[in-house]
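Summary of the model geometry
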Amino acid sequence: MYDLPDARGHFGPYGGVFVAETLIQALHELKAAYARYRDDPEFQAEFAHELKHYVGRPSPVYHARRWSERFGGAQVYLKREDLNHTGAHKINNVIGQALLARRMGKRRVIAETGAGMHGVAAATIAARYGMECVVYMGTEDVRRQVQNVYCMKLLGATVVPVESGSKTLKDALNEAMRDWVTHVENTFYIIGTVAGPHPYPVMVRDFQSVIGREAREQMPELAGRQPDAVLACVGGGSNAMGIFYAYIPDEAVRLIGVEAAGHGLESGQHAATLCTGKPGVLHGNRTYLLQDENGQILETHSISAGLDYPGVGPEHAWLKDSGRAEYVSVTDEEALQAFHDLCRLEGIMPALESAHALAYAAKIAPKMGKDQILLVNLSGRGDKDMHTVAERSGIKRGAKSNENFISSLLVRLLQGNKGRYPGFHSKSAGGFAVSSLSDT
Amino acid sequence: MSRIAATFAALKKQGRKALIPFITSGDPDPKLTVPLMHALAKAGADVIELGVPFSDPMADGPVIQRSSERALKHGESLKRVLDHVVEFRRTDRATPVVVFGYANPFEALGLERFADAAKAADADGVLVVDYPPEEAQSLVELLDARGLDTIFLLSPTTTDERLGEVAKLGRGYLYYVSLRGVTGASHIDFSDVARRVQHVRRFTGLPVGVGFGIRDAATAKVIAAVSDAVVIGSALIQQMEKAPQDKVTSEAMRFLTPIREALDELSAVKT
């Protein structure tokens, strides 16, 4: 029976609690609270109620017939996490952690975000539960995901741009950890993925595992049986763990995690941690990392901000080593192709993250039999990526690039709102409307 | 007896408090690291904490993070940190050196290879910030076998149960982090530190050093009055940052000297 992690948060050699002593007590409190509420019927009932009435679960499974026809092989089904409130799987976990935060009496929540989907989900729940919310986001991601930044501000959150390091998700995580260690008495840190120190990887997995549980019920109804393979993109790996977990005991089902190969594995500009990395310690857990020979963490590249991370959840590291799951990668170009194909053939605009999983399905489906089934976790919707895709496709608006057009529009919107709402005391940094560090 | 233990024993006999400066190896330039270490010793450092730069220093504030980034730009690595210790030892065989850093560079080198190299370099102690006692077992065994000290952190939130555990595993001295937050933060509650250090002493005979938030002679003196050692990192590096490169060592000495004097006034009052 699969019953990882152990009591100390280890998945084989991975996971654990690799943090400074200053954070240990906060993690112990969290572990105790989670142990108390994990099987508490009242907690679980409230969680289920929120997932149903606020998120809109269960999310449907959809048979992508036209797309499948093109392959002439396996039938592809999509688990529609993009239809959740806030447009991605992230909200499942955020609700779970926010309910825990309320029970622990924490009035302030913080979060890190890459693509912005986790930040938006955290800001959403903070609004819903009347909590203060601070979101850390690398300035590179702020640039790429300007709409989500605006969205978080509309929801009343403070967005803190992070200038250090590679200015992406890993640096946002560092900064959120620093905030947490400083404000640990009143603050709950909502980590957005299945990484970080124990108990985060197991807790986030548990909250996301609703995806796979639903799919196991839906697939027989819709397709008459379970799929031959389940595919999901892997950055930190929360949507993948969410859909994989219920399938782990079912050895007949292949589990395939798809990482971001960026400009290609040989280019060195990618985020394919499990495919090319080595085990090490970062952000509180032992796992595979993209690192140089001296153990310094490497800067990563992916067209999708949500996959642009040099680590990966420790349970994925274990699933890789144990052979239960396989991990592959697709390039920016391949993901973009899948993005466009799904738009044109199914009328569904996927997030660029999810487009990686779709792209790998497109690779293997033609080689499979027509009676075979692939289930892809469509983890988020692509509205946030429109300007990235437009930029890559060379779509211009007058003399200005599309991105500049959108950002200048947002700057104007924000300036128009100045003073009318709290949280809108914004400065324009690098052409984008974001709160500066001094605002917090 | 380890060099660290001998140093603290001698200080205790003299009624003096230890001054422990922290610098990041390779910052602002690897050429300056050994001269800086000698300058710190000359200014009265009893132990030197030599930081191993890391790309993601989660527990540090902006000052030490910047110093890490500067060192990494020069290609500083754990191996080079140990090279600096070798060079330092050519002329200073007395001042203990603690290699201080985050887990990943140690694991990338390999813990056993590191332990051998640290022993060969004649370093004295190792503090891995993100190895709490739960995850430090193998490091402690490797270092114990070579007579090197594993230093552990304590925080204001460390429970009695963990104090007992840390006291069992810790060697050399314990490093009490006086603040919640990251290095370089500013508010320090002196009476709280005094109470906590007294409490820690019920669990261990090891010397207790205090760090985080000590900025100058005045704060150092107050903290030293209730502990065995003061650790100064961010405030020192901040001074060094302001100086042109050819003045970095003299600036470090200029900053530490009044702190050393303040600590010694304390022992003069006592004796």
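Fair warning: this is a prediction, and the values are worked out from it, not measured in the lab. Every residue gets a number counted from 1 within its own chain, in the order that chain's sequence is written. Chain letters and ligand numbers both follow the written order, the letters beginning at A and the numbers at 1. In keeping with the predicted nature of the model, local features appear solely for residues at pLDDT of at least 70, side-chain atom pairs appear and are counted solely at 80 or more, and the whole-chain, interface and lining totals rest on all residues. Heavy atoms throughout the structure, all of them, feed into the side-chain values; hydrogens and water do not.

**Concerning the overall build of chain B**
Formally: A run of H or I in DSSP becomes a helix once it reaches four residues, and a run of E becomes a strand once it reaches two; helices and strands are each numbered from the N terminus. Put simply, the radius of gyration uses C-alpha atoms, and a globule should come to 2.2 Å times the residue count raised to 0.38. Buried residues are those whose accessible area, probed at 1.4 Å on protein chains only, stays under 20% of the maximum for their type, while exposed residues exceed 50% and partly exposed ones sit between those limits. Contacts were defined at the residue level, with two residues in contact if any of their heavy atoms lie within 4.5 Å. All accessible areas in this document rest on Shrake-Rupley with a 1.4 Å probe, and a residue is counted as covered only by the protein chains that are shown.
When you go through chain B residue by residue, the secondary structure sums to 12 helices and nine strands. Taken against the 2.2 N^0.38 rule, which gives 18 Å for 271 residues, the C-alpha radius of gyration of chain B at 17 Å falls within 12% of a compact globule. Here the C-alpha coordinates of chain B stretch approximately 45 × 40 × 35 Å along the principal axes. Going through the 271 residues of chain B one by one, you find that 63% of them count as buried. A separation of at least 24 residues holds for 72% of the contacts in chain B among residues at least 6 apart in sequence. Approximately 10200 Å² of chain B is accessible, and the part contributed by carbon and sulfur atoms is 53%.

**Here's the deal with the overall build of chain A**
Looking only at helices and strands, chain A has 17 helices and 18 strands in total. Of the roughly 15400 Å² that chain A leaves accessible, carbon and sulfur atoms contribute 51%.

**So, the interface of chain A and chain B**
The criterion, for reference: When two components associate, each loses some accessible surface as probed by a 1.4 Å sphere; the sum of these losses over both components is called the buried area. A pairing counts as a salt bridge when a side-chain nitrogen of Lys or Arg comes within 4 Å of a carboxyl oxygen of Asp or Glu. Any N or O atom pair separated by 3.5 Å or less is treated as a polar contact, with the protein-specific requirement of one donor-capable and one acceptor-capable atom, and with residues adjacent in sequence counted only for side-chain atom pairs. Each residue gets one label: Ala, Val, Leu, Ile, Met, Phe, Trp, Tyr, Cys and Pro are nonpolar, Asp, Glu, Lys and Arg are charged, and the others, such as Gly, are polar.
Each partner contributes residues to the interface: chain A has 35 residues there, and chain B has 36 residues. Carbon and sulfur atoms make up 50% of the surface buried where chain A meets chain B, a total of about 2900 Å² over both sides. Among the residues of chain A in contact with chain B, Glu21, Arg178 and Gln296 of chain A are the three that bury the most area, contributing 24% of the side total. Summed over the shared surface of chain A and chain B, the result is three salt bridges. The tally of links between chain A and chain B comes to 17 residue pairs in polar contact (both at pLDDT 80 or more). Elements supplying a minimum of two residues to the side of chain A that touches chain B: strand 2 (14-18), helix 1 (21-37), helix 8 (169-182), strand 11 (278-282) and strand 12 (284-289) of chain A. In terms of residue count, helix 8 of chain A provides more of the side of chain A that touches chain B than any other element does, seven residues in total. A breakdown of the residues in the side of chain A that touches chain B according to their chemical character gives 12 nonpolar, 15 polar and eight charged.

**Notes on the pattern of salt bridges**
All names here are of chain A. Going through the model one piece at a time under the given rule, you end up with 54 salt bridges over all chains. Arg57 is the salt-bridge partner of Glu81, the closest N and O atoms lying 2.7 Å from each other. Of this pair, Glu81 sits in the loop between strand 4 (75-80) and helix 4 (90-103) while Arg57 sits in the loop between helix 2 (41-55) and strand 3 (61-63), and the two are 24 residues apart along the sequence. Taken as a pair, Glu81 and Arg57 share a single burial class, namely buried. A salt bridge links Asp228 to Arg225, with the nearest nitrogen and oxygen atoms 2.9 Å apart.

**Overview of the sheet that holds strand 12 of chain A**
All names here are of chain A. What counts, and what does not: At least two DSSP bridges between two strands are needed for those strands to be called paired.
Strand order in the open sheet formed by four strands is 1-2-12-11, with antiparallel pairing between adjacent strands. Where the open sheet ends on each side, the last strands, each with one partner, are strand 1 (10-11) and strand 11. As defined by bridge partners, strand 11 adjoins strand 12 across five bridges and the pair is classed as antiparallel. Residue pairing in the sheet places Val281 in a bridge with Arg286 of strand 12.

**Considering helix 3 (residues 62-73) of chain B**
The criterion, for reference: Expected helix span is taken as 1.5 Å per residue step, with the number of steps being one fewer than the number of residues.
Between its terminal C-alpha atoms helix 3 of chain B stretches 16 Å, which fits the 16 Å expected from 12 residues at 1.5 Å a residue. For helix 3 of chain B, the complete set of buried residues consists of Val63, Ile64, Gln65, Ser67, Ser68 and Ala71 of chain B. Structurally, helix 3 of chain B contributes buried residues whose contacts are with helix 8 of chain A together with strand 1 (18-24) and helix 11 (234-242) of chain B. Looking one or two residues past helix 3 of chain B, Gly75 of chain B carries a phi angle of roughly 75°, positive in sign.

**Focus: the confidence of the model for chain B**
Note the cut-off: Scored between 0 and 100, pLDDT is the confidence that the predictor attaches to each residue.
Per-residue confidence for chain B averages 95 on the pLDDT scale, and 96% of its residues sit at or above 70. If you check the scores for this complex, the pTM reads 0.92 and the ipTM reads 0.95.

**Points about the nonpolar core**
Counted only if it meets this: The term nonpolar core refers to a set of buried residues drawn from Ala, Val, Leu, Ile, Met, Phe, Trp, Tyr and Cys, joined through side-chain atoms within 4.5 Å.
Grouped together as the largest cluster of nonpolar side chains are 100 residues, with contacts concentrated most on Val99, Phe106, Phe114, Tyr175 and Leu236 of chain B. The element best represented in this core is helix 12 (residues 248-270) of chain B, accounting for seven residues.

**Quick look at the packing of aromatic side chains**
All names here are of chain A. Heads up, the rule is: Two aromatic rings, drawn from Phe, Tyr or Trp (for Trp, its six-membered ring), form a pair once their centres lie within 6.5 Å of each other, and the interplanar angle then sorts them: stacked below 30 degrees, edge-to-face above 60, tilted otherwise. In this scheme, the term charge over a ring applies when either NZ of a lysine or CZ of an arginine sits within 6 Å of the ring centre and within 35 degrees of the ring normal.
Summed over the entire model, instances satisfying the criterion amount to 17 aromatic pairs over all chains. Through a chain of ring-to-ring contacts, three or more aromatic side chains come together here, namely Tyr34, Tyr37, Phe43, Phe47 and Phe207. The ring of Tyr37 carries Arg103 above its face, with NZ or CZ at 5.5 Å from the centroid. Above the plane of the ring of Tyr245 lies Arg205, whose end atom (NZ or CZ) is 3.9 Å from the centre.

**Points about the pairing of strand 2 of chain A**
All names here are of chain A. Within strand 2, five of the five residues are buried, which leaves it mostly tucked inside the rest of the structure. For strand 1 and strand 2, the ladder comprises two bridges, and the chain directions are antiparallel. For His10, the partnering residue across the bridge sits in strand 2 and is Gly15. Linking strand 1 to strand 2, which pair antiparallel, is a turn of two residues; within it Gly12 sits at a positive phi near 60°.

**Regarding the packing of helix 4 of chain A against helix 5 (residues 117-129) of chain A**
Packed helices, taken two at a time, are described by their axes: the angle between them and the distance between them. Residue and element names in this part refer to chain A. For the record, the criterion: Between the N-to-C directions of two axes lies an angle of 0 to 180 degrees, each axis being a line fitted to C-alpha atoms and, for a helix, fitted only over the stretch in contact. Angles below 35 degrees are treated as roughly parallel, those above 145 as roughly antiparallel, those between 65 and 115 as roughly perpendicular, and all remaining angles as oblique. A crossing counts as left-handed when the near helix is turned anticlockwise from the far one by less than a right angle, and as right-handed when that turn is clockwise.
Viewed as axis vectors pointing N to C, helix 4 and helix 5 meet at an angle of 40°, and their least axial separation amounts to 9 Å. What the angle tells us is that helix 4 and helix 5 run oblique. Handedness of the crossing formed by helix 4 with helix 5: right-handed. Across the interface between the two elements, Lys90, Ile91, Asn93, Val94, Ile95, Ala98, Leu99 and Arg102 of helix 4 pack against Met117, His118, Ala121, Ala122, Thr124, Ile125 and Tyr129 of helix 5. Its residues placed into classes, the contact of helix 4 with helix 5 shows 10 nonpolar, three polar and two charged.

**Section: the environment of Arg254 of chain A**
Residue and element names in this part refer to chain A. When you line up the elements, Arg254 lands in strand 10 (residues 254-262). Spatially, the C-alpha atom of Arg254 lies 40 Å from that of Val160, the residues being 94 residues apart in sequence. Polar side-chain contacts of Arg254 include one of 2.9 Å to the side chain of Glu326.

**Looking at the confidence of the model for chain A**
Residue and element names in this part refer to chain A. In this model, chain A carries an average pLDDT of 91, and 90% of its residues clear a pLDDT of 70 or more. The least confident element of chain A is strand 18 (residues 432-434), whose mean pLDDT is 36; the most confident is strand 9 (residues 229-233), at 99. Note on residues 416-440: pLDDT is under 50 here. Beyond four places in sequence and across chains, it has 44 contacts.

**Describing the packing of helix 1 of chain A against helix 8 of chain A**
All names here are of chain A. As a packed pair, helix 1 and helix 8 sit with axes 9 Å apart at the nearest point and diverge in direction by 80°. In terms of their interaxial angle, helix 1 and helix 8 are classed as roughly perpendicular. The segment helix 1 lies against helix 8, with Thr22, Leu23, Ala26 and Leu27 engaging Met177, Trp180 and Val181. Of the residues that constitute the contact of helix 1 with helix 8, the class distribution is six nonpolar, one polar and no charged.

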